[in-house]
Amino acid sequence: MLLRYIVSNFKSIGHPVEFSMFPTEKNTDERFLKTIQTKAGEWKVLRRGGFFGPNASGKSSFIESIEFARDYLVDVQKSGKGTGINPFRGKLNDLKGLSSFQFLFYLDGEVYEYGFSLDRYQVHEEWLMQLTEKDLEPLFTRSTDEKGVTEIEIESRFAPDNSKDRILAEVLKGSIQEEQKNQLFLYKLYDNGIKKAEVIVKWFKELQIIFPKSKIRALPVRMREDEDLRNYIAEMLEKMDTGVHEISVVSDEIDFHEFAEKMDLPKELIEEIEEIKNGIVSLFGKYFIFTENKKKKKTILVQMKFDHQLNGRTIQFNLDEESDGTQRLIDLLPMLFEVGTSTDIYFVDEIDRSLHTKLSQFLLDEFVSRSEEGYSQIIFTAHDVNLINLRRFRQDEIWFIEKNERGESTLRPFSDFEVKEGQDELKAYLSGRFGAVPMIRG
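Residues numbered from 1 in each chain as written. Predicted model: local features only at pLDDT ≥ 70, side-chain atom pairs only at ≥ 80, totals over all residues. Heavy atoms only, no water.

S.K.: Got a sec to walk through the overall build of the chain? Specific residues and values, please.
M.R.: Summing up its helical and strand segments, the chain has 11 helices and 20 strands in all. Over its C-alpha trace the chain gives a radius of gyration of 24 Å, about what one expects of a compact globule, namely 22 Å for 442 residues. With the C-alpha coordinates of the chain rotated into their principal frame, the extents come out at 70 × 70 × 50 Å. Relative to its 442 residues, the chain shows a buried fraction of 52%. (Helix = DSSP H or I, 4+ residues; strand = E, 2+ residues; numbered from the N terminus. Rg over C-alpha atoms; globule rule 2.2 N^0.38 Å. Buried < 20%, exposed > 50% of the residue type's maximum accessible area, 1.4 Å probe, protein only.)

See the structure below:
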């Protein structure tokens, strides 16, 4: 579970902004909380958090910062290359050109903090800490001095002296040379099979990030193989009054070269696909499976078909013939299907995109209902202010994001504001009482 996240100097975010999934002490509402057991005692954690604010306030930048940090850790960084960071464009001398990402999270009964800072060229700081009965204690720390010399300290609590993992970790320290300074030490530990690092990197790999244009890779193929998933999505679409009653998955096999000629594929793409012995490729919004045997290369087109009842007849629609709202639900519903059996954390940008308020609220209610027994969480952004409803949300689940006079995105929890009994929180928000509303100038 994510407990806290702090980010600075990324896109519209300048000085550090902090997001927390810890409930406020003054809020006695026990809804939507999960109790976890840590070495420092029993902690309560929120299972849901939502960001609201005007257009261009930084909601997407916040989600993108998590995606950047995740991908920077789990993807191999090529030696001698830059970091690819997109920092705040305004000049902030006190940040010294450094962007920082810091995660506090709960995993397998332990609380860890992992973070790193970098500029356009290299990693400057990196640390991994673990909670003890007293405080967070370092497992390893990395720092670069003003002369560019990088030092890594590995603590005995990471691995005992003379243990296999400790000896290997000490050897890997020396691999952060001039050409590898853009690489993260935690990834090196993971890549060399050190168990503690494998557990941490796996947590980052499993962060699920969904943007409005995200498409679940190979969903038609998954639905062809998983009847339970297919039936669940069909049932939910019918329940949400989309007009869909059933879903089927059909496939057609054709010769690869006939397919390439029919689709008028560019020569470069044909050559690229021919190198794939077995794989899945998305072309023109449809999924194709390419397989190869001794005789020939086959192309299998896999498509989802959606049954509608029109004037007493069953009519099948392709996915691209469905409404934007139905397509958005198809992107989001696999999340609900999995949440009851997984510990995944979902970051969903614009969860309300193309959806009626009632459907957005239903998705969020269904998520917390299905995640009661596990450790799943959802953090989302939305424009639909009708979701700001304290009968459906705790006040500390809602966050307001806006830009200050320097153009930096700033973040503030709704729980910082007093809402009087009987007060209409939506009207108060729209009137500007809590900030984070667009200012329309004449």
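The rest of the description comes next.
S.K.: Can you explain the side chain of S371? Please cite residues and give values.
M.R.: Note that S371 resides in the loop between α10 (357–370) and β18 (377–382). One polar contact links S371 to R47, side chain to side chain, over a distance of 2.9 Å. Polar contacts involving the side chain of S371 include one to the main-chain carbonyl oxygen of V368, which spans 3.4 Å. With near-sequence residues (within four places) excluded, S371 lies in contact with R47, V339 and S376. (Polar contact = N/O pair within 3.5 Å; in protein donor to acceptor, adjacent residues only side chain to side chain. Contact = heavy atoms within 4.5 Å.)

S.K.: Could you give an account of the nonpolar core, naming the residues involved and the relevant values?
M.R.: Burial of nonpolar side chains together is a common tendency in soluble globular proteins. One finds F62, F101, F103, Y114 and F204 to be the most contacted residues of the largest nonpolar core, which totals 70 residues. Counting residues per element, this core draws most heavily on helix α1 (residues 59–74), which supplies eight residues. Setting aside residues no more than four positions away along its own chain, F204 makes contact with R70, L73, V74, F103, F105 and Y114. Within the second largest apolar cluster, 51 residues are counted, among which are I300, Y346, L364 and F367. (Core = buried A, V, L, I, M, F, W, Y, C linked by side-chain atoms within 4.5 Å.)

S.K.: Could you give me a rundown of the pattern of salt bridges, with the residues and numbers involved?
M.R.: A complete count under the given rule lists 22 salt bridges for this structure. Taking the shortest distance from any N to any O, the salt bridge between K11 and E64 comes out at 2.6 Å. Within this pair, whereas K11 is found in the loop between β1 (2–8) and β2 (17–20), its partner E64 is found in helix α1, the two being separated by 53 residues in sequence. The class for E64 is partly exposed, based on a relative accessible area of 22%. Across the pair D71 and R70 runs a salt bridge whose closest N-O atoms are separated by 2.9 Å. (Salt bridge = Lys/Arg side-chain N within 4 Å of Asp/Glu carboxyl O.)

S.K.: Help me get a handle on the packing of aromatic side chains, residues and values and all.
M.R.: Following the criterion strictly, the structure yields 35 aromatic pairs and no others. Residues Y106 and Y375 carry aromatic rings whose centres are separated by 6.0 Å and whose planes lie at 45 degrees to one another, so their mutual orientation is tilted. Taken together, the residues Y106 in strand β6 (residues 99–107) and Y375 in the loop between α10 and β18 connect sequence positions 269 residues apart. Given a relative accessible area of 32%, Y375 falls into the partly exposed group. The ring of Y375 carries the charged tip of K34 above its face, separated from the ring centre by 4.9 Å. It is R412 that lies over the ring of F417; its NZ or CZ is 4.3 Å from the centre. (Phe/Tyr/Trp six-rings, centres within 6.5 Å; stacked < 30°, edge-to-face > 60°. Lys NZ or Arg CZ within 6 Å of the ring centre and 35° of its normal.)

S.K.: Describe in detail the sheet that holds strand β20 (residues 409–413), supporting the description with residues and values.
M.R.: Strands sit in the order β11-β17-β18-β5-β19-β20 across an open sheet of six strands; the sheet is mixed. The open sheet has two edge strands with one neighbour each: β11 (207–210) and β20. Mean inter-strand twist for the sheet, computed between neighbouring axes without regard to direction, equals 20 degrees. Here three bridges tie strand β5 (residues 48–52) to strand β19 (residues 398–403), and the two strands are oriented parallel to one another. Paired with G50 across the two strands is I398, which belongs to β19. (Pairing = 2+ DSSP bridges. Axes fitted to C-alpha atoms, helices over the stretch in contact; angles between N-to-C directions.)

S.K.: Could you give an account of unusual backbone geometry, naming the residues involved and the relevant values?
M.R.: Residue N9 is not a glycine yet carries a positive backbone phi of 55 degrees. Mapped onto the elements of the fold, N9 is located in the loop between β1 and β2. By relative accessible area, N9 is classed as buried at 5%. Non-glycine residue D241 carries a positive phi angle of around 60 degrees. As for its placement among the helices and strands, D241 is situated in the loop between α6 (227–239) and β12 (244–255). Relative accessible area serves as the criterion here: at 70%, D241 is assigned to the exposed category.

On their own, these measurements won't tell you what the molecule is for.
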